[in-house]
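# Summary of structural features
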Amino acid sequence: MVAADWGRALRMRWTRKRFRLVIGILLVAATAAAVGYLFAIPDSAATMKLAEQYLVEQEDAVRAEELVRKLLFFEPDNAEALVLLGIALNRQERFEEAIQVFEEVPPSSESALEAAYALSACQMLVGRYRDAEAVLKSLIAEHPDYHDAREMLRKLLVKTFRSQDAERLILERFHRRPAQLNY
């Protein structure tokens, strides 16, 4: 009987050691993951600034895309990063992908206006004129003083041989603000 108790005690001791070992490994792994996570998370503002520099100064849309995708891995709802990714894809002439990215930008975000404008530009580039026109008209309806959207819509109307509609658009803007002749 004593040998059986001794065997059971030995097994329990061995099981406790395994349990402690597993807990220790999990603790070390969790600590390493936490430290790695802290160092791997890119600083949003710094990453965005660097990606913009790649796009504007170095004209390296591929590198800008890589940076923004890395940021979006950690912050998938970052509307500003989505817009920058769409612009990078546009610069690489990957218009369909850019359209999908611009459509992901939440309409309630601060970047929604810029995303909608860029979306319409990409749609025009791939020949989706009706979609682009709908986006631009909704932009103008929501933001009547958004001159860039109005000008892009005018160009779209001229490109699609609707010069009378383009003229109406210009006159509408003129009647809203007759003192501003620059438009």
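Structure: see above.
From a predicted model like this one, the values you see are computed outputs, not experimental measurements.

Reading the values: rules and limits
Residues numbered from 1 in each chain as written. Predicted model: local features only at pLDDT ≥ 70, side-chain atom pairs only at ≥ 80, totals over all residues. Heavy atoms only, no water. Helix = DSSP H or I, 4+ residues; strand = E, 2+ residues; numbered from the N terminus. Contact = heavy atoms within 4.5 Å. Areas by Shrake-Rupley, 256 points an atom, 1.4 Å probe, with all protein chains shown as cover. Core = buried A, V, L, I, M, F, W, Y, C linked by side-chain atoms within 4.5 Å. Buried < 20%, exposed > 50% of the residue type's maximum accessible area, 1.4 Å probe, protein only.

When you go through the protein chain residue by residue, the secondary structure sums to nine helices and zero strands. Going residue by residue from the N terminus, the α and β elements of the protein chain occur as α-α-α-α-α-α-α-α-α. For the protein chain, restricting intrachain contacts to residue pairs at least 6 apart in sequence, the fraction spanning at least 24 positions comes to 45%. Accessible area of the protein chain: about 12400 Å², with a carbon and sulfur share of 59%.

A few words now on unusual backbone geometry. A positive phi is found at glutamate 93, a non-glycine position, where the angle reads about 60 degrees. Locating glutamate 93 in the fold gives a position in the loop between α4 (79-91) and α5 (95-104). A positive phi angle, near 60 degrees, is found at phenylalanine 161, a position not held by glycine. By secondary structure assignment, the location of phenylalanine 161 is in the loop between α8 (147-159) and α9 (163-176).

Ranked by size, the top nonpolar core spans 44 residues in total, and within it Val68, Phe102, Leu139 and Leu153 carry the most contacts. Those elements giving two or more residues to this core turn out to be α2 (44-56), α3 (61-74), α4, α5, α6 (112-125), α7 (129-142), α8 and α9. Ranked by the residues each element gives to this core, the list is headed by α4, at eight residues. Excluding residues within four positions of it along the chain, valine 68 makes contact with Ala51, Ala81, Leu84 and Leu85.

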